[in-house]
Amino acid sequence: MAGAGDIIARLRSGEPLALARAITAVENETEDAAGILRAIQPHLGHARVHGFTGPPGVGKSTLVDAYITELRKRDLSVGVIAVDPSSPVSGGAILGDRVRMTSHGVDPRVFVRSIAARGHLGGLSATAAFVVDVLDAAGKDVVIVETVGTGQSEVEVAQVADTKVVVCAPGAGDDVQALKAGIIEIGDVLVVNKADLPDAEPTMKRLGAMLALRRRPNVPGGWTPEVLATTATTGAGVAALADAIQRHDDYLGASGRKSGSGPRLRALLAQTAGRLAAERVAKLDPAALDPLVDAVRRGELDIKSAAERLLKDVQGRD
Ligand SMILES: Nc1nc2c(ncn2[C@@H]2O[C@H](COP(=O)(O)OP(=O)(O)O)[C@@H](O)[C@H]2O)c(=O)[nH]1
Ligand SMILES: [Mg+2]
């Protein structure tokens with residue numbers, strides 16, 4: 001590959017091939033990746049990043065497709081990253097997403113890319129964050145990240161986004177239930193898609209009730225999550241969704257929480273460090289904790305000091 005400088009110039013001029021190659025380098029962690037990531041640093045901070053997450057089958061890809069249409073009406077350029085959980089490298093479900101987003105396939109201002117869910121040394125969320133940076137440097141106004149919101153790593157990927165849209169479908173149980181796994185906590189905008197089906201109304205009410213219970217503190221002047229209904233297949237409600245996301249963008253701007261790779265990576269770093277520590281502690285033989293437990297029982301150590309010793313003990317372990 002030519003030097004990073006050359007590829008950056010071509011990337012900045014909007015060459016899709018250069019963009020595709022830069023993303024491939026970053027995704028596969030090739031030798032060129034570090035150079036590319038360094039070279040794009042001065043060009044970051046323009047894009048707004050919108051994450052769409054939720055259980056499989058609720059219509060995320062269809063909704064993203066309709067949202068792209070709405071953004072194009074507003075004359076915004078768009079990059080899309082679809083994270084596919086079912087496929088290690090390439091496979092069927094990715095093709096499904098591609099097919100659904102092909103309505104924009106000939107639009108030069110829309111760039112859609114699937115990335116594999118597994119096989120990233122630095123973690124999927126870091127890879128997603130870097131691919132977002134590449135799309136940002138390429139001048140995209142909006143970068144959309146679609147992930148399935150079923151596990152911890154997907155929640156972390158969703159954290160890459162400035163605005164997090166949590167999608168579910170109407171129904172008595174499973175989908176809304178599945179959302180409980182932490183994902184509801186992160187939504188800035190909650191969407192009940194497939195509003196053409198029965199029970200959209202009660203599902204919205206349930207989401208509203210779950211929101212009232214969630215742990216995120218209600219700070220004065222803070223953002224109150226919005227609950228909306230869409231029918232992705234017809235586009236109904238999608239303009240209202242775009243307006244809600246825009247309001248959240250405006251809120252972030254006004255509250256000084258500007259988007260950009262710095263805040264993205266800060267959140268990822270803190271989160272990943274916390275998760276690594278928790279994983280290392282969980283892997284210990286429970287009996288290994290006994291000396292510390294005994295010391296706390298005897299009053300020789302307070303729990304925080306004991307925890308600090310534990311963290312020191314697990315440092316550097318895998
Ligand atoms: N009835 C109805 N079906 C929808 C709607 N949106 C998506 N679907 C269908 O739901 C299925 C799953 O959609 P997809 O976008 O792949 O869901 P994803 O797995 O969340 O990305 C497809 O058959 C879509 O055509 C909607 O608003 N109403
Ligand atoms: Mg999908």
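What counts, and at which threshold
Residues numbered from 1 in each chain as written. Chains lettered and ligands numbered in written order. Predicted model: local features only at pLDDT ≥ 70, side-chain atom pairs only at ≥ 80, totals over all residues. Helix = DSSP H or I, 4+ residues; strand = E, 2+ residues; numbered from the N terminus. Buried ≥ 20, exposed ≤ 12 C-beta atoms within 10 Å, placed from the backbone. Core = buried A, V, L, I, M, F, W, Y, C linked by C-beta atoms within 7 Å. Domains from an automatic or database assignment. Contact = placed C-beta atoms within 7 Å. Axes fitted to C-alpha atoms, helices over the stretch in contact; angles between N-to-C directions. Left-handed = near helix turned anticlockwise from the far one by under 90°. Nonpolar A, V, L, I, M, F, W, Y, C, P; charged D, E, K, R; others polar. Near = placed C-beta within 6 Å. Parallel < 35°, antiparallel > 145°, perpendicular 65-115°, else oblique. Expected span 1.5 Å × (residues − 1). Pairing = 2+ DSSP bridges. pLDDT = per-residue confidence, 0-100.

Participant: Explain the overall build of the protein here, please?
Facilitator: Across its full length, the protein holds 13 helices and seven strands. Looking at the protein residue by residue over its 318 residues, the buried ones come to 41%.

Participant: Quick question: what am I supposed to make of the nonpolar core here?
Facilitator: Side chains that are nonpolar tend, in soluble globular proteins, to be buried together. Of all hydrophobic cores here, the largest spans 74 residues; its most connected members are Ala128 and Val134. Sorting elements by how many residues they give to this core places helix H6 (residues 124–137) first, with 10 residues. There are two domains that each give this core at least three residues, and those are domain 1 (1–43) and domain 2 (44–258). Apart from the residues within four sequence positions on either side, Val134 is in contact with Leu19, Ala22, Ile23, Val26 and Ile40.

Participant: Would you take a moment to explain the environment of Leu211 for this structure?
Facilitator: Tracing the sequence through the fold places Leu211 in helix H9 (residues 200–213). With 17 C-beta atoms counted inside 10 Å, the residue Leu211 sits in the partly exposed group.

Participant: Whenever I open this one, the packing of helix H2 (residues 16–27) against helix H3 (residues 31–40) confuses me. Can you help?
Facilitator: When two helices pack together, you describe them by how their axes are tilted relative to each other and by the distance separating the axes. The interhelical angle for the contact between H2 and H3, taken along N-to-C directions, is 115°, at an axis separation of 7 Å. Judged by the twist between their axes, the crossing of H2 over H3 is left-handed. Here H2 contributes Ala22, Ala25 and Val26 to the contact with H3, which in turn contributes Asp32, Ala33, Ile36 and Leu37. Here the contact of H2 with H3 is built from residues that sort into six nonpolar, no polar and one charged.

Participant: Just checking my understanding: could you explain the site of ligand 1 for this structure?
Facilitator: As a matter of local geometry, ligand 1 sits amid 15 residues, with Gly59, Lys60, Ser61, Thr62 and Ala232 nearest to it. With three residues, the single largest contributor to the shell around ligand 1 is helix H4 (residues 60–73).

Participant: Teacher, can you tell me more about the packing of helix H12 (residues 290–297) against helix H13 (residues 303–314) here?
Facilitator: At a minimum axis distance of 10 Å, the contact between H12 and H13 shows a crossing angle of 165°. One way to sum up the angle between H12 and H13 is to call them roughly antiparallel. In this structure, H12 crosses over H13, and the sense of that crossing is right-handed. Contact with H12, carried on its side by Leu292, Ala295 and Val296, involves Ile303, Ala306, Arg309 and Leu310 of H13 and no other residues of that element. Classifying every residue of the contact of H12 with H13 gives six nonpolar, no polar and one charged.

Participant: Explain the environment of Val238 to me, please; I cannot follow it from the model alone.
Facilitator: Along the chain, the position of Val238 falls in helix H10 (residues 238–254). Sequence separation between Val238 and Ile68 is 170 residues, and the spatial gap between their C-alpha atoms is 9.8 Å. The residues touching Val238, leaving out its near neighbours within four places in the chain, are Ala66, Tyr67, Glu70 and Thr230.

Participant: Quick question: what am I supposed to make of H13 here?
Facilitator: Residues that lie three or four places apart on an α-helix share one face, since the helix turns once every 3.6 residues. With 12 residues, H13 extends 16 Å from end C-alpha to end C-alpha; this agrees with the ideal 16 Å at 1.5 Å per step. Gly316, located one to two residues past H13, shows a positive phi value of around 80°.

Participant: What am I meant to see in unusual backbone geometry here?
Facilitator: Negative phi characterises most residues that are not glycine, and trans characterises most peptide bonds. A positive phi angle, close to 60°, is found at Asp75, a residue other than glycine. Note on placement: Asp75 falls in the loop between H4 and strand E2 (78–84). The exposure class assigned to Asp75 is exposed, which follows from the 8 C-beta atoms found within 10 Å.

Participant: What am I meant to see in the pairing of strand E6 (residues 189–192) here?
Facilitator: Within a regular beta strand, the side chains point alternately toward one face of the sheet and then the other, so they alternate between its two faces. Residues Val189 and Val191 point to one face of E6 and Leu190 and Val192 to the other, with burial holding for every one of them. Alignment of strand E5 (residues 163–168) against E6, held across four bridges, turns out to be parallel. The partner of Val165 across the bridge, within E6, is Val189. Of the pairings in the sheet, the one linking E6 to strand E7 (residues 226–229) comprises four bridges and is parallel in character. Opposite Val189, over in E7, you have Glu226 as the bridge partner.

Participant: Help me out: how do you make sense of the pairing of E5 in this one?
Facilitator: In terms of burial, E5 is largely enclosed, as six of its six residues are buried. Taking every second residue as pointing to the same face, both faces of E5 are buried, with Thr163, Val165 and Val167 on one and Lys164, Val166 and Cys168 on the other.

Participant: Please clarify how the confidence of the model for the protein should be interpreted in this entry.
Facilitator: When pLDDT is averaged along the protein, the result is 83; 80% of the residues meet or exceed 70. Predicted confidence in the protein is weakest over helix H5 (residues 92–100), with a mean pLDDT of 46, and strongest over H4, with 96.

Participant: Whenever I open this one, H2 confuses me. Can you help?
Facilitator: Across its 12 residues, H2 extends 16 Å between first and last C-alpha, which sits within 8% of the 16 Å expected from 1.5 Å per residue. Listing the buried residues of H2 in full gives Ala18, Leu19, Arg21, Ala22, Ile23, Ala25, Val26 and Glu27. Backbone geometry just after H2 places Glu29 at a positive phi near 55°.

Participant: Looking at this model, I keep getting lost on the environment of Lys140. Mind explaining?
Facilitator: When you line up the elements, Lys140 lands in the loop between H6 and strand E4 (142–148). You can call Lys140 buried: it has 25 C-beta atoms within 10 Å. Residue contacts for Lys140: discarding those within four places in its chain leaves Ala47, Ser77, Val78, Gly79 and Leu135.

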